[in-house]
Amino acid sequence: MAVLAAAALLDELMGRNRNIAPNEKGKELNWEDADYCKYYLVKFCPHDLFVNTRADLGVCTKVHDDEVKKLFEQSKGHRKIYYQEEFIRFCTSMVNEVDRKIIKGKQRLALSGKGEGSSLTPAQTQKNQEQIVLLNERINGLVEEAEQAGNNGNVEQAQGLMKLCDQLKDERDNLKKLNDNSHWSSTAELAAAQEKQMEVCEVCGAFLIVGDAQQRIDDHLMGKQHVGYARLKAAIEEIQEVVDTQRDERRGARGSSMEDRRERHSSRPYNRDNGRDKNGRDRSEHGNDLYKERKDKERKDRDRDDKYRRETNQRSKERERERDRKHRPDRTTGR
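Residues numbered from 1 in each chain as written. Predicted model: local features only at pLDDT ≥ 70, side-chain atom pairs only at ≥ 80, totals over all residues. Heavy atoms only, no water.

1. A word on the overall build of the chain
Defined as follows: Comment: elements are numbered from the N terminus, with helices defined as DSSP H or I runs of at least four residues and strands as E runs of at least two. The cut-offs for exposure are 20% and 50% of the maximum accessible area for each residue type, with area from a 1.4 Å probe on protein chains only; residues under the lower value are buried, those over the upper are exposed, and the others partly exposed. Residue contacts are counted whenever heavy atoms from the two residues lie within 4.5 Å of one another. Note on areas: Shrake-Rupley with a 1.4 Å probe; residue coverage comes only from the protein chains shown.
Along its length, the chain carries 9 helices and 4 strands. Listing each helix as α and each strand as β along the chain from the N terminus yields α-α-α-α-α-α-β-β-α-α-β-β-α. Per-residue burial for the chain yields a buried fraction of 21% across its 335 residues. For the chain, contacts bridging at least 24 residues in sequence account for 65% of all contacts bridging at least 6. As displayed, the chain has an accessible area near 25,700 Å², and 49% of this comes from carbon and sulfur atoms.

Structure follows, in structure tokens:
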């Protein structure tokens, strides 16, 4: 990274052709070269927006050249639209990521703002405490009765009393838990009320203090992350509008060329309105006649070629037979 930064600084001070000999010719500028940053040519490079922040993308490995950027701005064609669409896709992915961060931040604040349990009023707490005292007295009385029944030999009665005693103990424990949870919930609500309320920035997703000092708010609004994401969103809308305009112009030019072709086609020697050619015949019938004539001619040519091949083969066979007869020895003379 340090080497790239040093090279960029040298290019800025001495020019991009600093390593070329005096008698050599410099390379002609072409914005379509892969060495140049596509995003910088379209608008700006997103790598330069979040330097030394949590959203830092690192140093861009491509070349940022203002002269090449001017050539790009002066050019036209589908290749330029492709670069602009690449810029929109990359910036949109970054904006979508921060949008997910904003949603998660809001969900986190919503969860932290909810209490773990509903707090009881002081009257309800006092009523539960009185009920707990009554249950203690009732439980102690049942324990004494169960001991007395056991001493008298009434085992079943003693067991029934102890079972009822256990049920009353469970009810007493539930009331104690309600009072304890109400106490802790009231304490948490009091602490939350004393703390400062938070909110999520709709641009960069950072947590902000509601009603914070104006100086701190201004520092946040002028920060790299907030300004960077704001530039991304504005650039997406701007470049998208430019791309739509260029597409409409290309579509209009394409429509004009098609109209020209239609007009040239209409100037042919037949009337488009009645569908007849210059001889007054229907174009569809005329086309069928031409097709039949062409097929007949092709068939006649094939027949003529086949006949010629057959005659040629026949003559070749006759010459071979004649040659065989001449070279065949005479059986009577033996020669």
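2. Brief notes about the nonpolar core
Our working rule: In plain words, nonpolar cores are sets of buried Ala, Val, Leu, Ile, Met, Phe, Trp, Tyr and Cys residues tied together by side-chain atoms within 4.5 Å.
If you look at the biggest cluster of nonpolar residues, it comprises 31 residues, and the most contacted ones within it are L41, F50, F87, Y229 and L232. Of all the elements in the fold, those that place two or more residues in this core are α2 (38-42), α3 (66-74), α4 (78-113) and α8 (224-266). It is α4 that contributes the most residues to this core, 8 residues altogether. With residues up to four places along the chain from it excluded, the contact list for Y229 reads F50, A55, M94, V98, V203 and C204. Core analysis: the second largest hydrophobic core is formed by 9 residues, I132, L142, C165 and L168 among them.

3. Details of the environment of I103
Positionally, I103 belongs in helix α4. A sequence separation of 99 residues divides I103 from E202, and the C-alpha atoms of the two residues are 9.4 Å apart.

4. A look at the packing of aromatic side chains
Note the following rule: Under the pairing criterion, centres of Phe, Tyr and Trp rings, with the six-membered ring standing for Trp, must be within 6.5 Å; the plane angle then separates stacked pairs below 30 degrees from edge-to-face pairs above 60, leaving the rest tilted.
According to the stated counting rule, one finds 8 aromatic pairs in the structure shown. Here W31 and Y83 contribute two aromatic rings whose centre-to-centre distance is 5.3 Å and whose plane-to-plane angle is 90°, an arrangement assigned as edge-to-face. Note that W31 is positioned in the loop between α1 (2-14) and α2 and Y83 in helix α4, a separation of 52 residues in sequence. Neither W31 nor Y83 differs from the other in exposure class; each is buried. Their ring planes at 20° and their centres at 4.8 Å tell us that Y39 and F90 sit as a pair that is stacked.

5. Observations regarding the side chain of Q246
In this structure, Q246 sits in helix α8. Classification of Q246 as buried rests on a relative accessible area of 18%. Setting aside anything within four residues of it in sequence, one finds Q246 in contact with K80, I81 and Q84.

6. Digging into unusual backbone geometry
Positioned with a positive phi, N52 is a non-glycine residue whose angle comes to about 60°. In this structure, N52 sits in the loop between α2 and α3.

7. So, a nonpolar patch on the surface
Filter applied, for reference: Patch membership is restricted to residues that have no salt bridge and whose relative accessible area is over 30%. Joining uses 9 Å for like charges and 5 Å for the nonpolar side chains Val, Leu, Ile, Met, Phe, Trp and Tyr. Just to be clear on terms, a salt bridge is a Lys or Arg side-chain nitrogen sitting within 4 Å of an Asp or Glu carboxyl oxygen.
A contiguous nonpolar surface patch, about 300 Å² in accessible area, is contributed by I217, L221 and M222. Taking relative accessible area as the criterion, I217 reaches 34% and is therefore assigned partly exposed.

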